[in-house]
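Here are the chains, one letter per residue:
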Amino acid sequence: MKITNRPDEWRIEQGLSAAVLPVLDMTQPKTRALPVQTFGPLAKDEKAIREVGDPNELFVREREGWTGFVEWEKYPEKKAAAHKILTAQTFPPNPEFQLGPIPGTNPVLPGTRWKMWHRAVGGELSRIPEDSWATVLREKHPDMLHLLQFPYNGEPPKRLVTEKEITPNSLHFVRNHGGIPLIDRDHYSFLLDGLVAEPKEFTLDDLMDEKRFPRMEKTVTIQCSGTRRIEQVLKYPGQGDEVPQAPWAEGAIGTARYVGISLKKVIKECGGLVEGAKHLELYGADTYFKNDQTMNYLVSVPWSKVKANEVMLAWEMNGQVLPAIHGYPLRIVVMGYIGARSVKWLYRIKAIREPSRAPVQSQEYLYFPQQVGKHNLRLTDGIQIQEMPVSSAIMSPWTKQACIHDGQIRCKGWAYSGGGRWPERVELSNDGGFNWYTVPPEKLSRKRRWTWRTWEFDLPCDVEGWVEIVCRCWDNALNTQPPDVRTAWNWGLHVTSSCHRISVYSVNKSRPATKARLDEFERRGIPFGPITVPLSFPSQTWEDYDKFWRDNDPRDAEDD
């Protein structure tokens, strides 16, 4: 007999390999199965690439002591040359990790296309993937979870996320959009220009001169808008691409003590804004790719935010010189905003009238309505994400974990709200959100503007079997979290601000029968987990079995 099923037919039918599922066209009387997009063989037009010129001459080091930096924004001819190189060849497609299995590796995703783009352009970008990974290995904790090798995206394991109220530098999450430039302090300066009265260039020594600029020290939580994205991905996949949509868990958040100065003071040094400037465009030295175009990393923040002294230029992190991976020698820290606005490796600030048209500001980090997607979206449908909403997460236990306890499940986690608001109350539920228990104030870390609060709580739980533990936070403006991930879902998979839910298998040792069974496991030297493995010894003696029925006869109801 001819077999028409694929070997993985069952997986496909159950949605476990959804990337190969055809699209069903139901607009005609008979439903049609439309093929999914496939990619042909890789091609490379060597002649067209050679005609562009020598990359080692076109894309040379821009400034002495700035390894891996190419200035794209002042040179449209460089952008055009890089565009010709990229469009003269094809690259392998991104791995499909939303509609297929997520690799069980660390790094989870390699960033193959981004490595190839850097090497294809060549010149000063050739060594960036290797140099960046070497920086990761040198500066980051060995237990970091590397979600994307290049550009580097990494978060600490759950057990270390809230171990300390202030996140150690080596464990602070990293969300990079390009390679890591290596910049020599002695050759560092940045330009502040655009719509200011007197454009000026500043060195680090200029900024550190306390006679000119008052020193600023702030404890700030920085959170990626992709934090907890995996919850959206696992239920309702969305916009693809391994770089913007790295499968973040709950660790894409960190808190550090920064030292620097207010950007407002530097603008004042330049005579202030002129000609109706209302936004500050921030330039990073990393190279960013979008739609075969090459550029520097650019975003913008409104003058109102800068005017409130809520944007700082930082050169120190947790009492140490700013690490290279976090933007050495100088970075922006925007308090209460998404991490994408806190530009690293700052080399220019430009005063402008409107928000930046750069892709990261105008085409990405947009919060779309739920019925907007690939089929109908327009950029203007999305809200530009700036302030982070209230959110929280459970760091222990982990979802699908079995917990043996004496009537209380030991929980810990974090809570945060952006925009200068702060977590006022954290609550946990052991029944999916019907009843709530308040975490006592003494079990919460210090209350500050701009930072998270870590918490620990022994959650009462009398029931056994699967329970759903839910966490939610109320900030000082009485904002709280949507109830489930569906209410937070959006095509860009940003801002998973819904209540954090985990499923835990409750084993309550305060119950005599449960205690006796667990003691039996221990006497026999048999591990209790995993819970799905059948019981390996009799659950009841025949003597006990017969006694039960003697005491509880009849087995069958009689017909009186």
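Along each chain, the written sequence defines residue order, and numbers are assigned to residues from 1. The predicted nature of this model means local features are confined to residues of pLDDT at least 70 and side-chain atom pairs, given and counted, to a pLDDT of 80 or more, with totals for whole chains, interfaces and linings taken over all residues. Excluded from the side-chain calculation are hydrogens and water; included are all heavy atoms of the structure.

Teacher, can you tell me more about the packing of aromatic side chains here?
The geometry of an aromatic ring pair is captured by two quantities: the separation of the ring centres and the angle between the planes. For this analysis, a ring pair means two rings from Phe, Tyr or Trp (six-membered ring only for Trp) whose centres lie within 6.5 Å, classed as stacked if their planes differ by under 30 degrees, edge-to-face if by over 60, and tilted for the remaining angles. Counting across every chain of the model gives 20 aromatic pairs. With centroids separated by 5.7 Å and ring planes inclined at 80°, the aromatic side chains of Tyr283 and Tyr347 adopt a geometry described as edge-to-face. Note that Tyr283 is positioned in strand 12 (residues 279-290) and Tyr347 in strand 17 (residues 346-352), a separation of 64 residues in sequence. Just as Tyr283 is buried, Tyr347 falls in that class too. Between Trp542 and Tyr545, the ring centres sit 5.1 Å apart and the planes meet at 80°, which makes this aromatic pair edge-to-face. Of this pair, Trp542 and Tyr545 are both found in helix 15 (residues 542-551), three residues apart, which corresponds to roughly one turn of the helix. Relative accessibility under 20% of the residue-type maximum defines a buried residue, over 50% an exposed one, and the middle range a partly exposed one, all with a 1.4 Å probe and only protein chains included. Judged by relative accessible area, Tyr545 falls into the partly exposed class, the value being 31%. Three or more aromatic residues link up through ring pairs in this structure, and these residues are Phe91, Trp114, Trp117, Tyr288, Phe289 and Tyr297. Both a distance and an angle decide whether a charge sits over a ring: NZ of Lys or CZ of Arg must be within 6 Å of the ring centre and within 35 degrees of the ring normal. The cationic tip of Arg348 hangs over the ring face of Tyr283; the distance from NZ or CZ to the ring centre is 4.8 Å. Above the ring of Trp436, the side-chain terminus of Arg472 is found at 3.9 Å from the ring centroid. We count a stretch as a helix when DSSP gives it H or I for four or more residues in a row; a strand needs E for two or more, and each element gets its number in order from the N terminus.

Looking at this structure, how should I read helix 14 (residues 512-524)?
Given 3.6 residues to a turn, an α-helix orients residues that are three or four positions apart in the same direction. One less than the number of residues in a helix, times 1.5 Å, gives the span that helix is expected to have. Here helix 14 contains 13 residues, and its C-alpha end-to-end distance of 18 Å stays within 8% of the 18 Å for a straight helix at 1.5 Å per residue. Those residues of helix 14 hidden inside the fold are in contact with strand 21 (401-405) and strand 27 (500-508). Looking at the residues trailing helix 14, positive phi occurs at Gly525, about 70°. Note on contacts: a residue pair is in contact if any heavy atoms of the two residues lie within 4.5 Å.

Please explain the domain arrangement of the protein as it appears in this structure.
Accessible area lost upon the coming together of the parts is a frequently used measure of interface size. An automatic or database domain assignment provides the domain bounds reported here. Domain parsing of the protein yields domain 1 (46-384), domain 2 (390-508) and domain 3 (512-550). Put simply, the middle of domain 1 and the middle of domain 3, counted by C-alpha atoms, are 56 Å apart.

How do you make sense of the sheet that holds strand 22 (residues 408-416) when you look at a structure like this?
Two pairing modes exist for strands in a sheet, parallel and antiparallel, and in both the strands are linked by backbone hydrogen bonds. Strands sit in the order 20-22-25 across an open sheet of three strands; the sheet is antiparallel. A single partner strand is all that each edge strand has here, and the edge strands are strand 20 (391-396) and strand 25 (453-460). Each adjacent strand pair in this sheet contributes to an overall mean axis angle of 30°, direction not counted. For strand 22 and strand 25, the ladder comprises eight bridges, and the chain directions are antiparallel. Looking at the pairing, Ile409 lines up with Leu459 of strand 25. Only when DSSP finds a minimum of two bridges between them are two strands counted as paired. Helix axes are fitted only over the stretch in contact, all axes being lines through C-alpha atoms; the angle between N-to-C directions runs from 0 to 180 degrees.

Could you clarify how one ought to interpret the nonpolar core in this entry?
Across soluble globular proteins, nonpolar side chains show a tendency to be buried alongside one another. Side-chain atoms within 4.5 Å link the members of a nonpolar core, which is a set of buried Ala, Val, Leu, Ile, Met, Phe, Trp, Tyr and Cys residues. Ranked by size, the top nonpolar core spans 107 residues in total, and within it Phe190, Leu192, Leu207, Leu263, Val266, Leu313 and Ile349 carry the most contacts. Of the residues that make up this core, three or more belong to each of domain 1 (46-384) and domain 2 (390-508). Contact partners of Leu207, with chain neighbours within four places excluded, come to Phe190, Phe202, Phe213, Ile261, Val266, Leu313, Trp315 and Leu330.

Is there a simple way to explain the pattern of salt bridges in this structure?
The working definition used for a salt bridge is a side-chain nitrogen of Lys or Arg within 4 Å of a carboxyl oxygen of Asp or Glu. As enumerated under the stated definition, the model contains 36 salt bridges in all. Salt-bridge contacts for Asp143 lead to Arg159; the nearest nitrogen and oxygen are separated by 2.7 Å. Taken together, the positions of Asp143 in the loop between helix 6 (128-139) and strand 4 (145-148) and Arg159 in helix 7 (residues 158-161) put the pair 16 residues apart, joining distant regions of the chain. Salt-bridge contacts for Glu520 lead to Arg524; the nearest nitrogen and oxygen are separated by 2.5 Å. Residue Glu520 and its partner Arg524 are both found in helix 14; the two are separated by four residues, about one turn of the helix. Each member of the salt-bridge network shares a partner with another, and the members are Asp206, Arg212 and Glu269.

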